[in-house]
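Letter by letter, the chains look like this.
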Amino acid sequence: MIIGYVQKYFNCYDCNREGLLSAYNPKVTFSLCLNMSSQCTNRSFRFEDAYYRDNRNLKRLSGRESYHDEKRSKLLHHGKIDTVNLITKLPPTEHDPASFRLDSCYFSTNMIAFSLTGVFKEGKSTDKVRPLRSFYRSFVCVPDPEIQMTIINDQYVISNITGYQYKKYFQQNRKPNDSAQVSSEPSTSSNNVADEKTRMIQQFSTESKLNLEWSKYCLDHAQWNYEQAAKIFMEYKDSIPKEAFLV
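All residue numbers refer to positions counted from 1 along the written sequence of the respective chain. The predicted origin of the model limits local features to residues at a pLDDT of at least 70 and limits the giving and counting of side-chain atom pairs to 80 or more, whereas totals for whole chains, interfaces and linings rest on all residues. Heavy atoms throughout the structure, all of them, feed into the side-chain values; hydrogens and water do not.

Q: Let's hear about unusual backbone geometry: which residues, and what values?
A: Of note in this structure, Gln 148 is not a glycine but carries a positive phi near 75°. Note on conventions: DSSP H or I runs of at least 4 residues are helices, E runs of at least 2 residues are strands, and numbering of each starts at the N terminus. For Gln 148, the location among the structural elements is in strand 7 (residues 148-160). A relative accessible area of 48% means that Gln 148 is categorised as partly exposed. Despite not being glycine, Trp 224 has its phi angle at roughly 65°, a positive value. Topologically, Trp 224 is positioned in the loop between helix 8 (212-221) and helix 9 (226-236). For every residue, the accessible area obtained with a 1.4 Å probe (protein chains only) is divided by the maximum for its type, and the residue is called buried under 20%, exposed over 50%, and partly exposed between those limits.

Next up, the structure:
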């Protein structure tokens, strides 16, 4: 039941967030938190302003204690209209169902609680660069006579992906004919391709001043089109973290 519910929810979240109005209880409480200091983050991409405005990361609050209390309360969203109004303002997403991990399930006659982790692409399908994000959702649901159950509490945490998630994502989303093509070619051809990619990474690093890992990342996103990778780098250069550049 939960798996089917999760699939429907995220299909709607990616394609038609207004349609989630019926998924939430009239008394729902929603909060959004950005985890920007994870020690296992693989790459840091700047978050959109829409995230920062409603970021309820209590570690980021500063100032008077009375201000903290006011901010904590203000950043909690109550009711399904307020909740859906917020999530429709967040950047477009494309979740990867293969990355979903369901955990911490609790069942009773009056409540179902569960948490979910996974990965999504941020931005429109036409965007040149779409950062990969890691997410954690904690849902508490109550029975509903019409649609089985509704969400009464939703805690949403977003962070940059970990190194493990990054490798796993590209392994799972590799094109089906990639492995067949590689296996049918002589080993010398495979070695030539690997050597050419290594050369491209080194050249890109020399010209862009990015380290080798980030140079490979840019080329990966441009599908190893060197000119396209250079255009993407120039367009998003200012949003790339300082640690990505060679000292």
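Q: So what's going on with the nonpolar core? Residues and values would help.
A: Take the buried Ala, Val, Leu, Ile, Met, Phe, Trp, Tyr and Cys residues and link them wherever side-chain atoms come within 4.5 Å; each set so joined is a nonpolar core. Tyr 9 and Tyr 156 are the most contacted members of the largest nonpolar core, which has 32 residues in total. Mapped onto this core, the elements with two or more residues apiece are helix 1 (2-15), strand 1 (24-35), helix 4 (80-87), strand 5 (112-122), strand 6 (132-144) and strand 7. Looking at which element gives the most residues to this core, the answer is helix 1, with seven residues. Setting aside residues up to four positions removed in sequence, Tyr 156 forms contacts with Tyr 13, Phe 30, Ser 31, Leu 32, Cys 33, Leu 90, Phe 120, Phe 135, Tyr 136 and Arg 137. Membership of the second largest hydrophobic core comes to 22 residues, among which are Tyr 166, Tyr 217, Leu 219 and Ala 244. By definition in these notes, contact holds between two residues if any of their heavy atoms fall within 4.5 Å.

Q: How would you sum up the side chain of Arg 137? Please name residues and give values.
A: Among the secondary structure elements, Arg 137 is positioned in strand 6. Owing to a relative accessible area of 0%, Arg 137 belongs among the buried residues under this scheme. Among the polar contacts made by the side chain of Arg 137, one reaches the side chain of Tyr 9 at a distance of 2.7 Å. At 2.6 Å, the side chain of Arg 137 and the side chain of Asp 154 are in polar contact. Polar contact criterion, stated in full: a pair of N or O atoms within 3.5 Å, where within protein one must be able to donate a hydrogen and the other to accept it, and residues adjacent in sequence count only if both atoms are side-chain atoms.

Q: Outline the pairing of strand 6, supporting the account with residue identities and numerical values.
A: Most of strand 6 sits inside the fold, with ten of its 13 residues counted as buried. Strands pair, by our definition, only if DSSP identifies at least two bridges between them. Examined bridge by bridge, strand 6 and strand 7 share twelve bridges and lie antiparallel to one another. Residue pairing for strand 7: Asp 144 is matched across the bridge by Gln 148. Following strand 6, the chain reverses through three residues before pairing antiparallel with strand 7.

Q: Describe the pairing of strand 4 (residues 101-107), listing the residues and the values that go with them.
A: Consecutive side chains of a regular strand alternate in pointing toward one face of the sheet and then the other. As defined by bridge partners, strand 4 adjoins strand 5 across five bridges and the pair is classed as antiparallel. Bridge assignment links Tyr 106 to a residue of strand 5, and that residue is Ala 113. In this structure, the hairpin formed by strand 4 and strand 5 is closed by a connection of four residues.

Q: Give me the lowdown on the pattern of salt bridges, citing residues and values where you can.
A: In the sections that follow, a salt bridge refers to a side-chain nitrogen of Lys or Arg positioned within 4 Å of a carboxyl oxygen of Asp or Glu. Applying the stated criterion across every chain yields a total of five salt bridges. Among the ionic pairs, Arg 137 bridges to Asp 154, the shortest N-O distance being 2.6 Å. With Arg 137 in strand 6 and Asp 154 in strand 7, this residue pair connects regions lying 17 residues apart in the sequence. A relative accessible area of 0% means that Asp 154 is categorised as buried. Two residues, Arg 199 and Glu 196, come together in a salt bridge whose shortest N-O distance is 2.6 Å. Taken together, the residues Arg 199 and Glu 196, both in helix 7 (residues 187-208) and three residues apart, mark about one turn of the helix. The exposure class of Arg 199 is partly exposed, given its relative accessible area of 40%.

Q: Go over the packing of aromatic side chains, please, and point to the residues and values.
A: Any Phe, Tyr or Trp ring, taking Trp's six-membered ring, that has another such ring centre within 6.5 Å forms a pair; planes under 30 degrees apart are called stacked, those over 60 apart edge-to-face, and the others tilted. Scanning all chains against the criterion turns up 15 aromatic pairs. A centroid spacing of 6.4 Å and a plane angle of 90° characterise the contact between Tyr 13 and Tyr 156, whose relative ring orientation is edge-to-face. With a gap of 143 residues between them, Tyr 13 in helix 1 and Tyr 156 in strand 7 connect regions that are remote in the sequence. Of the two residues, Tyr 13 and Tyr 156, neither departs from the other in class, the shared state being buried. In textbook terms, an aromatic cluster arises when at least three aromatic residues are bridged by ring pairs, as seen for Tyr 9, Phe 10, Tyr 13, Tyr 24, Phe 100, Phe 114, Phe 120, Phe 135, Phe 139 and Tyr 156. One cation-aromatic arrangement involves Arg 137 over Tyr 156; the distance from NZ or CZ to the ring centre is 4.1 Å. Definition used: whenever NZ (Lys) or CZ (Arg) falls within 6 Å of the ring centre and also within 35 degrees of the ring normal, the charge is taken to sit over that ring.

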